[in-house]
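What the coordinates show
Each chain, letter by letter, is given below.
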Amino acid sequence: MDVGFYHLTRTPLEEALPALLGKTLDVGERALVRCPDAASVTALDTALWASRDPVWLPHGTAKMGHAARQPIWLAEGNDVPNGAKFLFRVDGAGEDDFSPFTRVFDLFDGRDSASVQRARQRWVALKAAGHTLVYWQQQERGWKKSG
């Protein structure tokens, strides 16, 4: 499995994630955004409704229900109730079982040293497990593949 590590260095997750999710929808895929806790689900839900680029990001949470109809699902758990093939892990949330997915995005906050350290630990563990890893660093516009 290919796992992309997305190093947020310029904007917070709430600003960076909408563009990635918009591109996911543009290619006809569904996404699961796996969050570390309920507060993160709530914060991202609010951010996606307020997004200006893209303007419309249809999504849902357990509070809203109707998971099977949602192209983007925000959750704490490991279930994939919307049939998503793209997994967005917020700070490594959830298990390392990527079998339901065709693409994994591991997003971490480069301005938080603890988050960076946890990402390094995930990198080492996933590399040892045989995954192909790609490092992406946030740029002024978009992402730059490095290393």
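Below: a short report on this structure.

Calculation notes
- Residues numbered from 1 in each chain as written.
- Predicted model: local features only at pLDDT ≥ 70, side-chain atom pairs only at ≥ 80, totals over all residues.
- Heavy atoms only, no water.
- Helix = DSSP H or I, 4+ residues; strand = E, 2+ residues; numbered from the N terminus.
- Buried < 20%, exposed > 50% of the residue type's maximum accessible area, 1.4 Å probe, protein only.
- Expected span 1.5 Å × (residues − 1).
- 1 Å grid on protein atoms, 1.4 Å probe; cavity = no way out; pocket = protein on both sides within 12 Å on 5 of 7 lines; lining within 4 Å.
- Points joined across faces, edges and corners; volume = space filled by probe spheres on them.
- Nonpolar A, V, L, I, M, F, W, Y, C, P; charged D, E, K, R; others polar.
- Pairing = 2+ DSSP bridges.
- Axes fitted to C-alpha atoms, helices over the stretch in contact; angles between N-to-C directions.
- Contact = heavy atoms within 4.5 Å.
- Patch = residues over 30% accessible without salt bridge, like charges linked within 9 Å, V, L, I, M, F, W, Y side chains within 5 Å.
- Areas by Shrake-Rupley, 256 points an atom, 1.4 Å probe, with all protein chains shown as cover.
- Salt bridge = Lys/Arg side-chain N within 4 Å of Asp/Glu carboxyl O.

Along the chain, Leu 20 turns up in helix H1 (residues 13–26). Owing to a relative accessible area of 9%, Leu 20 belongs among the buried residues under this scheme.

Here the focus is H1. Every α-helix carries 3.6 residues per turn, so stepping three or four residues along brings you back to the same face. In this model H1 runs 20 Å from its N-terminal to its C-terminal C-alpha over 14 residues, within 8% of the 20 Å that 1.5 Å per residue would give. Of all the residues in H1, the buried ones are Leu 13, Ala 16, Leu 17, Pro 18, Leu 20, Leu 21, Gly 22 and Thr 24. Just beyond H1, the residue with positive phi is Gly 28, at close to 80°.

For the largest pocket, the calculated volume is near 440 Å³. Looking at the largest pocket, it is lined by 25 residues, and the ones nearest its centre are Glu 15, Ala 16, Ala 19, Leu 20 and Asp 53. In terms of residue class, the lining of the largest pocket is made up of 10 nonpolar, 6 polar and 9 charged.

The next point concerns the pairing of strand S1 (residues 2–8). Among the 7 residues of S1, 6 are classified as buried, and the element is accordingly described as predominantly covered. Bridge count between S1 and strand S6 (residues 132–138): 6 bridges; the pairing is parallel. Pairing of Phe 5 across the sheet is with Tyr 135, part of S6.

Strands sit in the order S3-S2-S4-S5-S1-S6-S7 across an open sheet of 7 strands; the sheet is mixed. The open sheet terminates on both sides in strands that have one partner only, identified here as strand S3 (72–75) and strand S7 (143–146). Strand after strand, the sheet turns through a mean of 25° between neighbouring axes, direction not considered. Alignment of S6 against S7, held across 4 bridges, turns out to be antiparallel. In the sheet register, Tyr 135 faces S7, and the bridge partner there is Ser 146. The strands that H1 touches are S1, strand S2 (31–34), S3, strand S4 (86–90), strand S5 (103–109), S6 and S7; relative to S4, the one it contacts most, it runs at about 175°.

In this section: a nonpolar patch on the surface. Side chains of Trp 49, Val 55, Trp 56 and Met 64 sit close together on the surface and give an oily, nonpolar patch of about 470 Å² of accessible area. By the secondary structure assignment, Val 55 is in the loop between helix H2 (38–50) and S3.

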